[in-house]
Amino acid sequence: MCGMEGSGVSVNGFNIDLIFRIAGIGIFISVLTIVLKQAGKEEQAQMLTLGGVVVVLLMVIQLINELFSNIKTIFNLF
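Owing to the predicted nature of the structure, the values given are computational and were not obtained by experimental measurement.

Engineer: Please explain a nonpolar patch on the surface as it appears in this structure.
Structural biologist: On the surface, Val60, Ile64, Leu67, Phe68, Ile71, Ile74, Phe75 and Leu77 cluster together into a nonpolar patch covering about 750 Å² of accessible area. Along the chain, the position of Ile74 falls in helix α2 (residues 42-74).

Structure representation (structure tokens):
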């Protein structure tokens with residue numbers, strides 16, 4: 001069942017908006033990397049890719065933090 005909850009589209013309690021954001025960042029970074037490599041800026045392209053990975057990892061870390069908070073709430077830990 002698909003519905004609108006909070007900030008994005010949710011399917012069975014899973015936020016699809018985050019997947020689209022991560023995919024969008026990946027596409028954007030890959031296009032910019034290709035442009036930089038063709039311009040002969042390989043070092044900047046590599047740093048841009050690394051920056052994109054860090055941004056996505058920060059998003060995933062926030063999700064993991066939310067998961068552990070939900071687990072602590074469910075099982076009444078701490």
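Engineer: Looking at this model, I keep getting lost on α2. Mind explaining?
Structural biologist: For an α-helix, 3.6 residues make a turn, and residues three or four places apart therefore share a direction. With 33 residues, α2 should reach 48 Å at 1.5 Å per residue; the first-to-last C-alpha distance of 48 Å fits that figure. Among the residues making up α2, those that are buried are Ala45, Gly52, Val56 and Met59. Each element contacted by the buried residues of α2 is listed here: α1 (16-38).

Engineer: Sorry if this is basic, but what is going on with α1 here?
Structural biologist: With 23 residues, α1 should reach 33 Å at 1.5 Å per residue; the first-to-last C-alpha distance of 33 Å fits that figure. Residues of α1 that are buried include every one of Leu18, Ile29 and Thr33, and no others.

Engineer: When you look at the environment of Lys37 in this model, what are you seeing that I'm missing?
Structural biologist: The topology assignment puts Lys37 in helix α1. The class for Lys37 is partly exposed, based on a relative accessible area of 49%. When sequence neighbours within four positions are dropped, the list of residues in contact with Lys37 reads Glu42 and Ala45.

Thresholds, definitions, all that
Residues numbered from 1 in each chain as written. Predicted model: local features only at pLDDT ≥ 70, side-chain atom pairs only at ≥ 80, totals over all residues. Heavy atoms only, no water. Patch = residues over 30% accessible without salt bridge, like charges linked within 9 Å, V, L, I, M, F, W, Y side chains within 5 Å. Areas by Shrake-Rupley, 256 points an atom, 1.4 Å probe, with all protein chains shown as cover. Salt bridge = Lys/Arg side-chain N within 4 Å of Asp/Glu carboxyl O. Helix = DSSP H or I, 4+ residues; strand = E, 2+ residues; numbered from the N terminus. Expected span 1.5 Å × (residues − 1). Buried < 20%, exposed > 50% of the residue type's maximum accessible area, 1.4 Å probe, protein only. Contact = heavy atoms within 4.5 Å.

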